[in-house]
Amino acid sequence: MPKWLEAGWWGLVGGAALVAGAGIAWFVRVPRWLVAAVMAFGAGVLISALSFGLMDEAERTGGLLPTALGFLGGAGAYVLADALLSRKGAKDRKRSGDQQTREADMAGSGTAIAIGALLDGVPESVVLGVSLLDGGTVGVAMLAAVFISNLPEGLSSAAGMKQAGRSARYVFGVWIGIAVASGLASTVGYLGLRGASPATIAVITAIAAGAILAMIADTMIPEAFERTQIFTGLITVLGFLTAFTIDRL
C-alpha cells in the first residue's frame, strides 16, 4: 500500500472512533458519569502520547527553541479559533448534557459546532500522517491515543447534540464528515511534508501537540470533571499510564 494511502487509512481509522461513539450515544442511553470517566481516561492517554511521542521527538530532531515556539503557536492558534467559534455557539460542543446551544437559540450554531469538532480532530490526524514520513510506521501509542480519546468525544458530543434537538442526519453527517476529513488531513500531512527538513517537521509536530493539549484543557477535562469530580485526576493518570506502557512495550 502506498504510504500516502496508508496515512489516509490510519487517519480514517482514528476518525471512525468518533462515528462509533456517536452511534452509541444515539442508540444507547449511556450514563453521563461513564462518559465523563472515559473522557478523563482519553485525556490522560492523549497527554501521555503528546509528551513522550510528539514533544520528545520534536525536541530531539528540531531543538528546544523551535519546538517551544511551535508548541505555543499551536496552542495559541487553537485557543483563538476556539474563542471565535464559541461566540457562534460551539462553546459546549463536547458536553453530553443540555448545555449545547440549540439552533433556535442561535442561528448558525450547528455549523459552528461542526467546524469546532473538525478543529478538535485535525491536529491529531496530521500527526498520524507525519509519523509515516521517511518510511516509518504509524505510532501504536499515538494511534491508540487518538482512537481511545475520539470514542468518548463522539459519544459525549453526540449525546449533547441529541438533547439540543439536532437530527440524526445532522449528527451522523457531522461525524462521518469529520472521519473522512481526518483521513484527508493525515494524507495531506504526509504528502505536504515529504522532503521537509527535520526542523520543519519538528515544528509542525510541536504545533499539533500544542493544539491537542489546549483542546484537552478547554474541552475534555471540563466535561470529565463535571461528573467524575475528585476522581478525574486518578482516571486521567490511569489513561496516561496506559499509553505510556503501550509506548514502552
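Each chain has its residues counted from 1, running along the sequence as written. Owing to the predicted nature of the model, reporting of local features is limited to residues with pLDDT of at least 70; listing and counting of side-chain atom pairs is limited to 80 or more, with chain, interface and lining totals taken over all residues. With hydrogens and water stripped out, all remaining heavy atoms of the structure feed into the side-chain values.

The chain is annotated in an unreviewed UniProt entry as Zinc transporter, ZIP family from Amycolatopsis xylanica.

Let us now look at the UniProt feature "transmembrane region" (unreviewed entry) in the chain. Residues given the UniProt feature "transmembrane region" (unreviewed entry) here are residues 7-28, 33-52, 64-85, 128-149, 170-193, 199-217 and 229-246. A run of H or I in DSSP counts as a helix once it spans at least four residues, and a run of E counts as a strand once it spans at least two, with each numbered from the N terminus. Overall, residues 64-85 shows 100% helix and 0% strand. The separation of its end C-alpha atoms is 32 Å. UniProt positions are given in the numbering used here, feature names are shortened, and annotations may be inferred rather than shown by experiment.

Residues Met 1, Trp 4, Leu 5, Trp 9, Leu 12, Ile 176, Val 180, Leu 184 and Leu 191 make up a contiguous nonpolar surface patch of roughly 890 Å² in combined accessible area. Put simply, the parts of the chain that give the nonpolar patch at least two residues each are α1 (3-27) and α6 (168-192). Tracing the backbone through its elements, the reader meets Leu 191 in helix α6. Only residues whose relative accessible area exceeds 30% and that form no salt bridge are eligible for patches; like-charged ones are grouped when within 9 Å, while nonpolar side chains (Val, Leu, Ile, Met, Phe, Trp, Tyr) are grouped when within 5 Å. Methods summary: accessible areas were calculated by the Shrake-Rupley approach with a probe of 1.4 Å, and residue burial reflects only the protein chains presented. Any Lys or Arg side-chain nitrogen located within 4 Å of an Asp or Glu carboxyl oxygen qualifies as a salt bridge.

Within the secondary structure, Ser 186 sits in helix α6. Under the relative-accessibility criterion, Ser 186 is labelled buried at 0%. We call two N or O atoms a polar contact when they sit within 3.5 Å, provided that within protein one can donate a hydrogen and the other can accept it, with sequence-adjacent residues counted only if both atoms are side-chain atoms. Within the local environment of Ser 186, its side chain forms a polar contact with the backbone oxygen of Ala 7, the two atoms lying 2.6 Å apart. A polar contact is formed between the side chain of Ser 186 and the backbone oxygen of Ser 125, at a distance of 3.4 Å. In what follows, a contact means two residues having at least one pair of non-hydrogen atoms within 4.5 Å. If near-sequence neighbours (up to four positions away) are discounted, Ser 186 is found in contact with Ala 7, Gly 8, Gly 11, Ser 125, Leu 128 and Gly 129. Per-residue accessibility, obtained with a 1.4 Å probe over protein chains only, is compared with the maximum for each type, and a residue is labelled buried under 20%, exposed over 50%, and partly exposed between these values.

Time to look at the packing of aromatic side chains. Planes of paired rings set the category: under 30 degrees apart is stacked, over 60 is edge-to-face and the rest tilted, where pairs are Phe, Tyr or Trp rings (Trp by its six-membered ring) whose centres lie within 6.5 Å. Within the structure shown, the criterion is met by four aromatic pairs. An angle of 70 degrees between the planes, with centres 6.1 Å apart, marks the rings of Trp 26 and Phe 172 as edge-to-face. A residue pair is termed long-range when its members are at least 10 positions apart, and Trp 26 in helix α1 and Phe 172 in helix α6 qualify at 146 residues. Each member of the pair, Trp 26 as well as Phe 172, is classed as buried. Note on geometry: a ring has a charge over it if NZ (lysine) or CZ (arginine) is within 6 Å of the ring centre and within 35 degrees of the ring normal. The positively charged end of Lys 162 is found above the aromatic ring belonging to Trp 26, 5.0 Å away from the centroid. Above the ring of Tyr 170, the side-chain terminus of Arg 166 is found at 5.3 Å from the ring centroid.

All right, on to the pattern of salt bridges then. It is possible for side chains bearing opposite charge to pair when their charged atoms get close. For the coordinates displayed, the defined rule picks out seven salt bridges. Measuring nitrogen to oxygen at the nearest pair gives 2.7 Å for the salt bridge that ties Arg 93 to Asp 82. Here Arg 93 is found in the loop between α3 (64-90) and α4 (109-130), whereas its partner Asp 82 is found in helix α3, with eleven residues between them in sequence. Neither residue differs from the other here; Arg 93 and Asp 82 are each classed as buried. Residues Arg 93 and Asp 120 are paired through a salt bridge, measuring 2.9 Å at the closest nitrogen-oxygen approach. One end of the pair, Arg 93, is in the loop between α3 and α4; the other, Asp 120, is in helix α4, and 27 residues separate them in sequence. With relative accessibility at 2%, the residue Arg 93 sits in the buried group.

A few words on the side chain of Arg 93. Here the side chain of Arg 93 touches Asp 120 through a polar contact of 2.9 Å, side chain to side chain. Ignoring any residue separated from it by four or fewer positions in sequence, one finds Arg 93 in contact with Tyr 78, Asp 82, Gln 100, Ile 113, Gly 116, Ala 117, Leu 119, Asp 120, Ser 157 and Thr 219.

Residues other than glycine predominantly adopt negative phi, and peptide bonds predominantly adopt the trans conformation. Of note, the phi angle at Gln 229 is positive, near 50 degrees, even though the residue is not glycine. Examined against the element boundaries, Gln 229 turns out to sit in the loop between α7 (198-228) and α8 (232-248). Of the residues examined, Gln 229 reaches a relative accessible area of 38% and is grouped as partly exposed.

A few words on the nonpolar core. Only buried Ala, Val, Leu, Ile, Met, Phe, Trp, Tyr and Cys residues count toward a nonpolar core, and they belong to the same one when joined by side-chain atoms within 4.5 Å. Leu 46, Leu 54, Met 142, Ile 212, Ile 216 and Met 220 are the most contacted members of the largest nonpolar core, which totals 41 residues. Taken together, the elements giving at least two residues each to this core come down to α2 (32-62), α4, α5 (140-163), α6, α7 and α8. At twelve residues, the largest contribution of residues to this core is made by α7. If near-sequence neighbours (up to four positions away) are discounted, Met 220 is found in contact with Met 39, Gly 42, Ala 43, Leu 46, Lys 94, Ser 149, Glu 153 and Met 215. Core analysis: the second largest hydrophobic core is formed by 19 residues, Val 35, Ala 112, Leu 155 and Ala 158 among them.

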